[in-house]
Amino acid sequence: YRVEVITMAYQKQYYKRGYYVKKIIDDYCVIDIETTGLSWQKDKIIEIGILKVRNKEIVERYSQLINPQQNISSFITQLTGIDNQMVEDMPVLSSVQDDILQFLGYDPIIGHNTAFDLNFIANHFQINLSNEYMDTVQFCRKVYPQMPHHRLTDMVEFLRLSTNEHRSLADCISTYELYEHLKKEIIRQHISI
C-alpha cells in the first residue's frame, strides 16, 4: 500500500514543452521569460517577451509584465529590475494566455535554455505544446566548444551582441542575434548539428 501511494505521488501531470529539434530556419519565434525563481512548480512568471521572425528579420514583438500574485524577492528585483510595484497593476498570466499562444502560433520556438521557459509556459498554462523548439545553448556548444560557459551573458560579451539585461525582450533580441550568428558559423564551418 505504501509503495502505491508513493508511486501515485510521482504521477503528477506534467505538460509537454513541445518537440526538441535542431534546424537552420529563417521563420520562428524567440521566447524569454523572467520568473520569481527557478522552479516552475513553486515560482511564477513575471515577464514574457516574444519576437516573431520572418525571413531572418524581426517583424513583430510581444512584451508583457505579469502579476505573479506572490512576492518578488530583492534578489530577483536586483537581477531583472522588476519589482513588486511594477507588476501590481499588471494582468495575471491566465488573462494573457490566449494572446501568448496566438502570438506563438505553430512557429518553431527558439530560446537560450528553452526548456526552462517552456516548462513554465506548458505547466502554468496546463497545456501540451505542439511546437518544435530549439536551444541556442546546444548550438553554442557545437560552434564554440572551447568556451567554459555558454550562458547568454557570456555569448553576448564574447560576440559583442546587443546587451543582455535579464529583461525578456532584451534577452529575446540577444538570442535572435545569437541564433542568426550561429547559423552562419554552422554553415561556414560545415558543422553537423
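Just above sits the structure.
Throughout what follows, the structure given in this document is the object of discussion. These numbers were taken from a predicted model, which means no experiment stands behind them. (Residues numbered from 1 in each chain as written. Predicted model: local features only at pLDDT ≥ 70, side-chain atom pairs only at ≥ 80, totals over all residues. Heavy atoms only, no water.)

**Some thoughts on the environment of V87**
Argument step 1. In this fold, V87 is placed in helix α3 (residues 84-87).
Argument step 2. For the pair V87 and Q138, spaced 51 residues apart in sequence, the C-alpha separation works out to 33 Å.
Argument step 3. Leaving out residues up to four positions away in the same chain, V87 has contacts with I46, L65, I66, N67, P68, I72 and I82. (Helix = DSSP H or I, 4+ residues; strand = E, 2+ residues; numbered from the N terminus. Contact = heavy atoms within 4.5 Å.)

**Some thoughts on the packing of aromatic side chains**
Argument step 1. In total, this model carries seven aromatic pairs according to the counting rule given.
Argument step 2. Aromatic pair Y28 and Y179: ring centres 5.1 Å apart, planes at 85°, arrangement edge-to-face. Highlighted residues: Y28 in strand β2 (residues 28-35) and Y179 in helix α8 (residues 168-188), separated in sequence by 151 residues.
Argument step 3. Seen from their ring centres, F116 and F120 are 5.0 Å apart, and the 55° between their planes marks the pair as tilted. Residue F116 and its partner F120 are located together in helix α5 (residues 114-125), separated by four residues, close to a single helical turn.
Argument step 4. On the basis of relative accessible area, F120 is assigned to the buried category, the value being 0%.
Argument step 5. Members of the aromatic cluster, each reached through a chain of ring pairs, are Y28, F139 and Y179.
Argument step 6. The positively charged end of K52 is found above the aromatic ring belonging to F103, 4.8 Å away from the centroid. (Phe/Tyr/Trp six-rings, centres within 6.5 Å; stacked < 30°, edge-to-face > 60°. Buried < 20%, exposed > 50% of the residue type's maximum accessible area, 1.4 Å probe, protein only. Lys NZ or Arg CZ within 6 Å of the ring centre and 35° of its normal.)

**Some remarks on the pattern of salt bridges**
Argument step 1. The tally for this structure, following the rule as stated, stands at eight salt bridges.
Argument step 2. Among the salt bridges present, the one from R167 reaches E47, with a minimum N-O distance of 2.8 Å. With R167 in the loop between α7 (152-159) and α8 and E47 in strand β3 (residues 45-54), the pair connects residues that are 120 residues apart, well separated along the chain.
Argument step 3. Classification of R167 as partly exposed rests on a relative accessible area of 23%.
Argument step 4. The residue R54 makes a salt bridge to D107 at a minimum N-O spacing of 2.9 Å. With a gap of 53 residues between them, R54 in strand β3 and D107 in the loop between α4 (93-104) and β5 (109-111) connect regions that are remote in the sequence.
Argument step 5. A relative accessible area of 30% places R54 in the partly exposed class. (Salt bridge = Lys/Arg side-chain N within 4 Å of Asp/Glu carboxyl O.)

**Observations regarding the pairing of strand β4 (residues 57-65)**
Argument step 1. The pairing of β3 with β4 spans eight bridges and is classified as antiparallel. By the bridge assignment for β4, V53 is matched with I58.
Argument step 2. The hairpin formed by β3 and β4 contains two residues between the paired strands, and N55 there has a positive phi angle of roughly 50°. (Pairing = 2+ DSSP bridges.)

**A few points about the sheet that holds strand β1 (residues 19-20)**
Paired through backbone hydrogen bonds, the strands of a sheet run either parallel or antiparallel to each other.
Argument step 1. Overall, mixed pairing links the six strands, which are arranged β1-β6-β5-β2-β3-β4 in an open sheet. Edge positions in the open sheet fall to β1 and β4, since each of these has one partner strand only.
Argument step 2. Pairing of β2 with β3, which is carried by eight bridges, proceeds in the antiparallel orientation. When the sheet's bridge partners are listed, I31 is paired in β3 with I50.
Argument step 3. Packed onto the sheet, α5 meets β2, β3, β5 and β6 (132-135) and runs at close to 75° relative to β2. (Axes fitted to C-alpha atoms, helices over the stretch in contact; angles between N-to-C directions.)

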